[in-house]
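Structural description and commentary
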Amino acid sequence: MILSLRQVKKYFPVRSGIFLQTTGWIRALEEIDLDIEEDKTIGVVGESGCGKTTLGKVVARILRPTSGKVEFLGEDVTGRVSKDVERKFRRNIQMVFQDPFNSLDPRMTIGEILSEPLEAHRVFSSKKEQDNYVKELLVKVGLYPEYLSRYPHEFSGGQRQRIAIARAIALTPKIVVCDEPTSALDVSVQNQIINLLQQIKTEYKISYLFISHNLDVVYHMSDKLFVMYLGNVVESGESREVFENPLHPYTRALMNSTPSWDPNQKRLQTVKLLGEPPNPINPPKGCPFSTRCTIRIERCDKEKPQLVGDEKHKVACILSEV
Amino acid sequence: MSILAVRNLKTYFKTPEGSVKAVDDISFDLKEKEILALVGESGCGKTVTVLTILGLVRGAQVYGSIKYKDYELTKFSETEYTRIRGRKISMIFQEPLSAFDPLYTIGQQMVEVVCAHLDCDKESAKNICIEMLKEVQIPFPEKRFDEYPHEMSGGMLQRVMIAMALVTKPDIIIADEPTTALDVTIQAQVLNLFKQLQEIYKTSIIFITHDFGVVAEVADRVHVMYAGKIVEKATVSALFANPLHPYTKSLLKSRIKKEFKNRTLPYIPGNVPLATDFPSGCRFHPRCDRALKICSQKEPPEICLNHSAVSCWLYVRGDEK
Ligand SMILES: Nc1ncnc2c1ncn2[C@@H]1O[C@H](COP(=O)(O)OP(=O)(O)OP(=O)(O)O)[C@@H](O)[C@H]1O
Ligand SMILES: Nc1ncnc2c1ncn2[C@@H]1O[C@H](COP(=O)(O)OP(=O)(O)OP(=O)(O)O)[C@@H](O)[C@H]1O
Ligand code: SF4
Ligand SMILES: [Mg+2]
Ligand SMILES: [Mg+2]
C-alpha cells in the first residue's frame, strides 16, 4: 500500500458578517476510506461539487483533512511531519490539474518549469545531467527538445497538458493525481494524452487517482472505481464490475446520462433524475441522494446508509441492505 | 431564413510573436429557430468567432461582414452594440460561477439585467425574474432569488444564466461550452432544458462544444472548425452518418469504446498547429492520412454537396485541381 485514507473528512468554513465569523461548514468530504496500491489506477466520478478535487488535494497533501488519518508508506502523515518525510512525500505524489491554461507559470520557460522540481530535490549533481534528463522528459511526452526555451502560451491545450504531465513525472513519483486532465480537449487529443499516461504507467509503475466526468475515459483508465455524491462515496469496487453491474441509483443515472453520439438514438430525453443536488452546507439527514432518488423509501430520509460489501463491489444504499 | 449571416470573417490579433489569425475567413449562416453546433479543438477559434459577433474582441483587427437581420454588426458603434447585446443576442459562458458577481444575490443581478433592457420598475422586474427561474425549473424560485452565487451548485447557476439570457426574449443565444464543467446527469438536465426552451421561445442558438455526444443530442446542424477555418458544415444526421472531411472522420473514429480497454486509443498523429504559424495550403495537411500533393500548396475550396459542405481537395473534381 502506498497511501491510505481512513475516515477522512474535509470541512471548509463558511464565513459571513463583517467579522467573518464561521457560520457553518461546507462538508466537502465525509469519512472517506481510500487505499492506493502500487501500479493501480483508481477512477473517481461524481456530481460537480461532490468533492473530487478536494479528495485529490488531500491525497496530494495540498489540503489537510479536518479529521481522519492519512498514511503514506506506513507512516502517519495526517498533520505536520518531519522535513524528511515531507520531502519523500512531495517526491512521490504529484498532481495534474484540469485547466492546461492556468496550471503552468506563464513567466517560466518550459525548461525552467521542468527543472524546478529537479533542483528543489537536488536530483542531479551536474547541470548537464539535469539538462539531458529534461530533454529526455520532453521527448517522452511527445514534444521536442527545441521547445525548452519557449513559454507556455506558445503551446496548444494538449501540448500544455503534456508539459504538466512531464513535470508531474519528473521525479518518478509513485502516485499522480489527475484532476480532469482531458476535459478541455477534443477526443483525439484526449486519446493521445490517455495513451501517454498509460505508457508512463507501464514504464514507471505509477498509480493514478484519475478524476473525470467522462465515463468512457474512466472505464478505459481505471482498475477501481469510486462514485461520489455530496462528499460521500456511494459506490466503489473493481471498475469493470461496477460498470457492468451498477447498484446505486446515482451510478445508474450517471451511466444512463452519457450522450449517445448518435442523433437517431438520443438518450438524454429519457434521463429521469429529479431535482437538484442538495447544498453541502446543509446535507440531508438520511441518504445524501434521497432528495433526487426515484426509488427511495421512507427510511432513506432518516437513516444514512453505510458503504457495505466486499473489495470487489461496495454500495451505500438502504435498498441494497435489505 | 437566416437570422445571422457571417461572410469572410477574419479576426487577427497582433502579438509579439506575430499575427495570430484566430479566425481566418469563415462564412456561415445561423437559421431561424435552429441549434447550430460549433465544434473543434481547443484554440481553433470558436470563442473568438462568437466574441467577434458580439463585438467583444478587444485590440483585434476584424474584417468581413456580420449581418444580423438588416444590421451590419461590423459597422456598429459600442453604443449601438449595447442596444442588442444581452437584449437581442445573449451569451452564456462556460464557467457559470465566474459570470456572476459574488457580492450580489442572483436576484439583484437578474433585476439589473431586466431593468437595463426592458422598460419596467424593480417590482415587476422581480416578478419577471421569478417567472423565468420557474421556467428553467429552479425549485423554490422566491427563495433562490435572494441567494448568493456561491450558495448554488454549478448546474443550478448554469440554469440561472440561461434564465438571464432568456429573460429579454432574444433572437439569438450564444452558448460557449455551457455544460463542460458539469457532470453528465446535470448536463443532461441542462441540455434538455435548452431544447425545451428553444421550442417555446423559438430562439436561434449557437452552441459551442468539443463533445460530439452533446452535438448528437442537441444540434440541428454542425460546423467543424480546425485552425481558424470551418472545414465542414453539415446537418447533424449527415455528419454522423457520412462525415466528409478527414479531420471530422478521424474525430468520430476516436470515440473510446469498451473493447479498447488495455489497448492504445485511436488518435490523429501530430499536434494542433499554433495560431502564429499555420501550415500552408490545407491547414490539416501535415496530419492528414489522405493528403495529396496539392494539399500543402493551395488552400482547398469549399465544395457544396447535398446536406454538407466540405473544404478539402479530395472532393474537388480532377480537372479543377
Ligand atoms: N477552498 C474552499 N473553500 C470553501 N469551499 C470549498 C473550497 N474548495 C472546495 N469547496 C467546496 O467544497 C465542495 C467540493 O468541491 P470540489 O471542488 O472538491 O468538487 P468537485 O467534485 O471537484 O467538483 P467539480 O466537478 O465541479 O470540479 C464544493 O461545495 C465546493 O464549493
Ligand atoms: N486576445 C488575444 N490575443 C491573442 N491571441 C488570442 C487572443 N484571444 C484568443 N487568442 C488566440 O486565438 C486562438 C483561438 O482562441 P479561442 O479562444 O477562440 O479558441 P477556442 O476554440 O474557443 O478554444 P477552447 O476550446 O480552448 O475554448 C487561440 O490560439 C488563442 O490563443
Ligand atoms: S485538403 Fe488534403 S490535406 Fe486537407 S483534409 Fe483534404 S485531403 Fe487532407
Ligand atoms: Mg473539481
Ligand atoms: Mg473557447
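In this convention, every chain numbers its residues from 1, walking through the sequence in written order. Numbering of ligands from 1 and lettering of chains from A proceed in the order in which they are written. In view of the model being predicted, local features appear only for residues whose pLDDT reaches at least 70, and side-chain atom pairs are presented and counted only at 80 or more, with totals across whole chains, interfaces and linings using the full set of residues. Excluded from the side-chain calculations are hydrogens and water; all other atoms, namely the structure's heavy atoms, are used.

**Let's talk about the overall build of chain B**
- Strands are runs of DSSP state E lasting at least 2 residues, helices are runs of H or I lasting at least 4, and numbering of each runs from the N terminus. Helices and strands together make up the secondary structure of chain B, namely 10 helices and 12 strands.
- Throughout, radius of gyration means the C-alpha value; the globule benchmark is 2.2 Å times the number of residues raised to the power 0.38. A globule of 321 residues ought to have a C-alpha radius of gyration of about 20 Å, and chain B, at 21 Å, matches this closely.
- Out of the 321 residues belonging to chain B, those deemed buried represent 58%.
- Summarising the internal contacts of chain B: among those between residues at least 6 apart in sequence, 63% fall at separations of at least 24.
- All accessible-area figures derive from a Shrake-Rupley calculation using a 1.4 Å probe, and residue coverage is judged against the displayed protein chains alone. Counting every atom, chain B has about 13900 Å² of accessible surface; 51% of that belongs to carbon and sulfur. Residue burial is assigned from relative accessible area. The probe radius is 1.4 Å, only protein chains are included, and a residue is buried under 20% of its type maximum, exposed over 50%, and partly exposed in between. Residue contacts follow a heavy-atom distance rule, with two residues in contact if any of their heavy atoms lie within 4.5 Å.

**Side note on the interface of chain A and chain B**
- Listed as interface residues are 56 residues of chain A and, on the opposing side, 53 residues of chain B.
- By buried area we mean how much accessible surface two parts lose on assembly, using a 1.4 Å probe and totalling the loss over both. Taking both sides of the interface into account, the surface hidden between chain A and chain B amounts to around 4700 Å²; carbon and sulfur atoms contribute 53%.
- On the chain A side of the contact with chain B, A:His220, A:Trp261 and A:Glu276 bury the most area, a combined 17% of that side's loss.
- Here, a salt bridge means any side-chain nitrogen of Lys or Arg that lies within 4 Å of a carboxyl oxygen of Asp or Glu. Applying the counting rule to chain A against chain B returns 1 salt bridge.
- Any N or O atom pair separated by 3.5 Å or less is treated as a polar contact, with the protein-specific requirement of one donor-capable and one acceptor-capable atom, and with residues adjacent in sequence counted only for side-chain atom pairs. Linking chain A with chain B are 17 residue pairs in polar contact (both at pLDDT 80 or more).
- Mapped onto the side of chain A that touches chain B, the elements with two or more residues apiece are helix H5 (157-169), helix H6 (187-204), helix H7 (215-221), helix H8 (239-244) and helix H9 (249-257) of chain A.
- If one sorts the elements of the side of chain A that touches chain B by residue count, H6(A) sits on top with 8 residues.

**Here we look at helix H3 (residues 110-120) of chain A**
Residue and element names in this part refer to chain A.
- Turning to H3, its buried residues are Ile-110, Gly-111, Ile-113, Leu-114, Ser-115, Pro-117 and Leu-118.
- Of the surrounding elements, those touching the buried residues of H3 are helix H4 (127-140) and H5.
- Of the residues trailing H3, Arg-122 is marked for its positive phi of about 40°.

**Looking at the site of ligand 1**
All names here are of chain A.
- Close to ligand 1 lie 14 residues, the nearest being Gly-49, Gly-51, Lys-52, Thr-53 and Thr-54.
- Between ligand 1 and Gly-49 there is a distance of 2.6 Å, counted from an oxygen atom to a backbone nitrogen or oxygen.
- Within the side chain of His-213, an N or O atom sits 3.3 Å from an oxygen atom of ligand 1.
- When ligand 1 is considered free in solution it has 640 Å² of accessible area, and contact with the protein chains removes 64% of it.
- When residues are grouped by polarity, Ala, Val, Leu, Ile, Met, Phe, Trp, Tyr, Cys and Pro land in nonpolar, Asp, Glu, Lys and Arg in charged, and all others, Gly among them, in polar. Here the residues of the shell around ligand 1 sort into 5 nonpolar, 6 polar and 3 charged. Any residue with at least one heavy atom within 4 Å of a molecule or strand is counted as near it.

**Details of the domain arrangement of chain A**
All names here are of chain A.
- Residue ranges for the domains trace back to a domain assignment, done automatically or taken from a database. On domain assignment, one finds that chain A holds domain 1 (38-65 + 75-222) and domain 2 (234-322).
- For domain 1 and domain 2, the distance between their C-alpha centroids amounts to 31 Å.
- Facing the 8 residues of domain 1 at the interface are 11 residues of domain 2.
- Taking both partners together, domain 1 and domain 2 bury about 850 Å²; carbon and sulfur atoms supply 65% of that area.

**Remarks on the layout of surface pockets**
- By volume, the second largest pocket is sized at about 1200 Å³.
- When residues of the lining of the second largest pocket are traced back to their parent elements, those giving at least two are H5 of chain A together with strand S2 (18-31) and helix H1 (46-53) of chain B.
- The dominant element in the lining of the second largest pocket, judged by the number of residues it contributes, is H1(B), at 4 residues.
- For the lining of the second largest pocket, the class distribution of residues is 18 nonpolar, 14 polar and 11 charged. A 1.4 Å probe that fits into a set of points on a 1 Å grid over the protein atoms alone but cannot get out defines a cavity; an open set with protein on both sides within 12 Å along at least five of seven lines defines a pocket, and lining residues are those with an atom within 4 Å of a point. Grid points are joined across faces, edges and corners, and a volume is the space filled by probe spheres set on the points.

**Focus on the pairing of strand S8 (residues 204-209) of chain B**
Residues and elements named next belong to chain B.
- Burial within S8 is extensive, with 6 of its 6 residues counted as buried.
- Side chains Ser-204, Ile-206 and Ile-208 of S8 all project onto a buried face; the interleaved residues Ile-205, Phe-207 and Thr-209 project onto the opposite face, where all are buried too.
- With 5 bridges connecting them, strand S3 (residues 35-40) and S8 associate as parallel partners. Each residue of the ladder has a partner; that of Leu-36, found in S8, is Ile-206.
- We treat two strands as partners when DSSP finds at least two bridges between them. Across 5 bridges, strand S7 (residues 172-176) lies against S8 in parallel orientation. Paired with Ile-173 across the two strands is Ile-205, which belongs to S8.
- Handedness rule for crossovers: strands pointing away from the viewer, path from the first strand over the helix to the second running clockwise, crossover right-handed. What joins S7 to S8 is helix H7 (residues 184-201), and the crossover it makes is right-handed.

**A look at the confidence of the model for chain B**
Residues and elements named next belong to chain B.
- Residue-level pLDDT values for chain B average 91, and 99% of them are 70 or greater.
- Confidence scores here are pLDDT values: one per residue, from the predictor, ranging 0 to 100. The secondary-structure element of chain B with the lowest mean pLDDT is helix H6 (residues 154-166), recorded at 86, while strand S10 (residues 229-235) shows the highest, at 98.
- With a pTM of 0.90, the predicted complex shows an ipTM of 0.88.

**Things to note about the environment of A:Ser257**
- Residue position: A:Ser257 is located in helix H9.
- Each C-alpha atom of the pair A:Ser257 and A:Gln269 lies 9.4 Å from the other, and the pair is 12 residues apart in sequence.
- Look past the residues within four positions of A:Ser257 in its chain and what remains in contact with it is A:Leu268, A:Val271, B:Val184, B:Thr185 and B:Ala188.
- Among the polar contacts made by the side chain of A:Ser257, one reaches the main-chain carbonyl oxygen of A:Ala253 at a distance of 2.6 Å.

**Quick notes on the pattern of salt bridges**
Residues and elements named next belong to chain A.
- For the structure on display, the rule yields 29 salt bridges over all chains.
- Here Glu-311 and Lys-224 are joined by a salt bridge, their closest N and O atoms 3.5 Å apart. Of this pair, Glu-311 sits in the loop between strand S11 (308-310) and strand S12 (313-315) while Lys-224 sits in strand S9 (residues 224-229), placing them 87 residues apart in sequence.
- On the accessibility criterion, Glu-311 (55% relative accessible area) is exposed.
- Judged by its relative accessible area of 19%, Lys-224 is buried.
- A salt bridge links Lys-314 to Glu-311, with the shortest nitrogen-to-oxygen separation between them at 3.6 Å.
- Here Lys-314 falls in the partly exposed class, since its relative accessible area comes to 24%.
- The network of salt bridges with shared partners includes Glu-37, Lys-224, Glu-311 and Lys-314.

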